[in-house]
Amino acid sequence: MASLKELSKKEELFTGGHRLCSGCGAGIIARQVMIACEKPVVVANATGCLEVASTIFPYTAWRVPWFHSAFENAAASISGIETAYNALKKKGKVKEDVNFIAFGGDGGTYDIGLQALSGAMERGHRILYICYNNEAYMNTGVQRSSATPRGANTTTAPSGKQSTGKMQMRKDLTAIMVAHNIPYVAQTTLSFQSDLMSKVQKALSINGPAFMNVMQPCRLGWIYPPEDTVRMGRLAADTCVWPIYEVTNGVYKLNYKPKEKKPITDWLKIQGRFKHLFSAGNEEVIKQLQADVDKNWEKLLSLCGEKI
Amino acid sequence: MRVAKTGNEAMAEAMRQINPDVVAAYPITPATEIVMIFSQFVADGLVDTEYVAVESEHSAMSACIGASAAGARVMTSTSSQGLALMYEMLYIAAGLRLPIVIGEVNRALSAPINIHGDHSDTMGARDAGWIQIFSENSQEAYDSMIQAILIAERSKLPVMVTTDGFIISHCLEVIDTISDGDVKKFVGEYNPERYLLDIKRPFTLGAIDLQDYYFEHKMQEAEAMKDSKKIILDVASEFNKKFGREYGFYEKYKLDDAEVAIVCLGSAAGTTKVVVDELRAKGIKAGLLKPRVFRPFPYQEIAKELSKVKAISILDRSDTYSAYAGPVFTEITSALYSSNMQIPVNNYIYGLGGRDIGKEEIKNVFEELVTIAKTKKVEKLIGYIGVRE
């Protein structure tokens, strides 16, 4: 991959002037992904933060062909676009080599869009689907999704006298995508810039479907100061809450191993969404969360052939 | 060429000859055959089409929308629950002004689940911004599919061409097909003004459109639907000139001097024609108006055609569950009212879930109309035909 200095000279395809929150991770991800693109690209977006904040008619933050139609169908939309490309390329109506990227939040990807995503991946379209995963329905005001971690306070699974927030463990969508036997699946966060961008380039160079699950810290829903977004992503990796790895043709590779695995409390205590977990009587939830992380991490290390 | 084709085969044949760039579809009874036959065309290399066997009708329409936005000529097919699952995307196809064509086989909506023909699916989508063309038989379905692609592309509106499930979709009829070369020439090449794969001219399609622009865009959509009336007639006229079959917004059957008339859509019109002939032989001046184009709704034209009739019965193959009447009835009576016409009318709901409607039942409707024409009194405004009460 080109150096950061060289990349900084590239034309921005996702520009400023959008209306995402200060400190929003979705904008950082979109910008990095677009900088990583080397060929012309068509983008499809699911309904969500990134869509509503970057394309308020008659303005747009996108300097590439960009498309949105609904919430649950970014994968189906990009399938249609890629298929049209194949048809028009065959006829000589389109000359360029083009890449196809879909962006969806965790709501549009883990939940309402899972069927369309699974279908698109199974059909083998030459597309890259990127989930900017902020672990809840942030666009509509922080409602729980199946990506929301256990214990988080959301507006539809709130903490209260009888509740410690979300009771269930989050779904492992990355594993579900791996189970589709597609050529490339990766997990990362916006804080690992060169990892994120090289994964995008790798995904786009593959002649088939690719999926990336990119953790996107959300200052609004997670409740932390906006300047901490990048720090949050790094902490997610250092606590092993969000491991950085990739699966190429079924082969797992760990891309980042923290020198010292930090305790889950480091992750929880700086986010307002977990504040209630530190009240007396909720110690068991924190213990459970640490146990969840440890189990997942050990499983992943084993899959990656790393020493536990 | 004279060939025997079912409604589904006729639609699939039209699709083969149109040779669209992309078909994304999901099978559903009774439309399944259309995509099965078309898939075989793809497998045998008889078309250049890229076929996407999606995992649901929602994704079928989503992929069609994506492909159409990308610049491709796009067609699909569905029925009933499939159309219902597409519902969200139907409005989006129209709102984004994408010229997608659906071969839609009319089938009852659940519950109770039923696979047979009625118009509840298509009527549920009547306000989705799609041009809707009903067919009485396989010939009309075939001809309308070929016209639909041009209507869609010229009006920048999506079009659904419908047949009645099983009654037409699975009924073998002899139809006149057009040669491949003539269809190819008639439909021409699709060259959209603006499309996503025009890489050097990037644009944003599907932006969020708030209080300051949404209304104008929806108004433009409404205007496009009005403007599509001329396009539909122009395409029909070009079709007639080349292939010698006449189409318009509706078909009149012995209507010009009729005293009593039935208005109905689709396959029931065929049975009604037979009854009209029988009644005419007995000296009863019966007639039929069969709307072909239900969206846009040609309200002034239809009112004018019905202006001399003394009594009208409007038959609906779907119900609105409004404690009032069927959808065709409300449209026709509204058209009469806004044209200052006070003609006695009644409404019959018939054929739900594929319940057959026979000559006797239609004859009874006409006989009641004869009485209404004399007395000028409608005893019962809304009734049901052929149902155990």
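Quick caveat, the model's predicted, so the values are computed rather than measured. (Residues numbered from 1 in each chain as written. Chains lettered and ligands numbered in written order. Predicted model: local features only at pLDDT ≥ 70, side-chain atom pairs only at ≥ 80, totals over all residues.)

## Description of the interface of chain A and chain B
Point 1. The partner chain B presents 38 residues to the 40 residues of chain A that form the contact.
Point 2. Where the side of chain A that touches chain B is concerned, the elements lending two or more residues are strand 1 (41-45), helix 3 (49-54), strand 2 (66-68), helix 4 (74-90) and helix 6 (114-123) of chain A.
Point 3. With 13 residues, helix 4 of chain A is the single largest residue contributor to the side of chain A that touches chain B.
Point 4. Residue composition of the side of chain A that touches chain B, grouped by class: 23 nonpolar, 12 polar and five charged. (Contact = placed C-beta atoms within 7 Å. Helix = DSSP H or I, 4+ residues; strand = E, 2+ residues; numbered from the N terminus. Nonpolar A, V, L, I, M, F, W, Y, C, P; charged D, E, K, R; others polar.)

## Some thoughts on the packing of helix 6 (residues 138-155) of chain B against helix 8 (residues 214-243) of chain B
Residue and element names in this part refer to chain B.
Point 1. Two elements in contact, helix 6 and helix 8, have axes separated by 9 Å at closest approach and are oriented at 135°. Here helix 6 is positioned oblique relative to helix 8, judged by the angle of their axes. Considering how the two elements wind past one another, helix 6 and helix 8 form a crossing that is right-handed. Listed contacts from helix 8 to Asp-143, Gln-147, Leu-150, Ile-151, Arg-154 and Ser-155 of helix 6 are Ala-224, Asp-227, Ser-228, Ile-231, Ile-232, Val-235, Ala-236 and Phe-239. (Axes fitted to C-alpha atoms, helices over the stretch in contact; angles between N-to-C directions. Parallel < 35°, antiparallel > 145°, perpendicular 65-115°, else oblique. Left-handed = near helix turned anticlockwise from the far one by under 90°.)

## Considerations on unusual backbone geometry
Trans peptide bonds make up most of the peptide bonds, and negative phi angles are found at most residues other than glycine.
Point 1. Residues Phe57(A) and Pro58(A) are joined by a peptide bond in cis, for which omega reads 5°.
Point 2. As for its position among the elements, Pro58(A) is in the loop between helix 3 and strand 2.
Point 3. Cis geometry is adopted by the peptide bond preceding Pro112(B), which originates at Ala111(B) and carries an omega value of -5°.
Point 4. One can find Pro112(B) in the loop between strand 5 (101-106) and helix 5 (120-124).

## Observations regarding the nonpolar core
Point 1. By size, the foremost hydrophobic cluster in this structure holds 218 residues, and its most contacted members are Ile81(A), Ile130(A), Val159(B) and Ala261(B).
Point 2. Per-domain counts for this core show at least three residues from each of domain 1 (2-243) and domain 2 (250-384) of chain B.
Point 3. Among all residues touching Ile81(A), those that are not within four sequence positions of it are Val42(A), Ala44(A), Phe67(A), Phe100(A), Gly66(B), Ala67(B), Ala70(B) and Leu196(B). (Core = buried A, V, L, I, M, F, W, Y, C linked by C-beta atoms within 7 Å. Buried ≥ 20, exposed ≤ 12 C-beta atoms within 10 Å, placed from the backbone. Domains from an automatic or database assignment.)

## Describing the domain arrangement of chain B
All names here are of chain B.
Point 1. Structurally, chain B comprises domain 1 (2-243) and domain 2 (250-384).
Point 2. Computed over C-alpha atoms only, the centres of domain 1 and domain 2 are separated by 28 Å.
Point 3. Opposite the 28 residues of domain 1 that make contact, domain 2 presents 20 residues.
Point 4. Of all the secondary-structure elements, those providing two or more residues to the side of domain 1 that touches domain 2 are helix 5, strand 6 (131-134) and helix 8.
Point 5. Considering each element in turn, the side of domain 1 that touches domain 2 owes the most residues, five residues, to helix 8.
Point 6. Classifying every residue of the side of domain 1 that touches domain 2 gives 11 nonpolar, 11 polar and six charged.

## A word on the packing of helix 9 (residues 268-281) of chain B against helix 12 (residues 359-375) of chain B
Axes are the key here: two packed helices are described by the angle between their axes and the distance separating the axes.
Residue and element names in this part refer to chain B.
Point 1. Where helix 9 contacts helix 12, the axes come no closer than 9 Å and their chain directions differ by 60°. On the basis of their axis angle, the class for helix 9 and helix 12 is oblique. For the element pair helix 9 and helix 12, the recorded crossing hand is right-handed. Mapping the contact onto sequence places Thr-271, Thr-272, Val-274, Val-275 and Leu-279 in helix 9 and Lys-359, Ile-362, Lys-363 and Phe-366 in helix 12.
Point 2. Partitioned by chemical class, the residues of the contact of helix 9 with helix 12 number five nonpolar, two polar and two charged.

## Thoughts on the pairing of strand 10 (residues 251-254) of chain A
Strand residues, when the strand is regular, have side chains that alternate between the two faces of the sheet.
Residue and element names in this part refer to chain A.
Point 1. Pairing of strand 9 (residues 245-248) with strand 10 involves four bridges; the strand directions are antiparallel. By the bridge assignment for strand 10, Val-247 is matched with Tyr-252.
Point 2. Taken together, strand 9 and the strand that follows it, strand 10, pair antiparallel across an intervening segment of two residues, in which Asn-249 is found at a positive phi of about 45°. (Pairing = 2+ DSSP bridges.)

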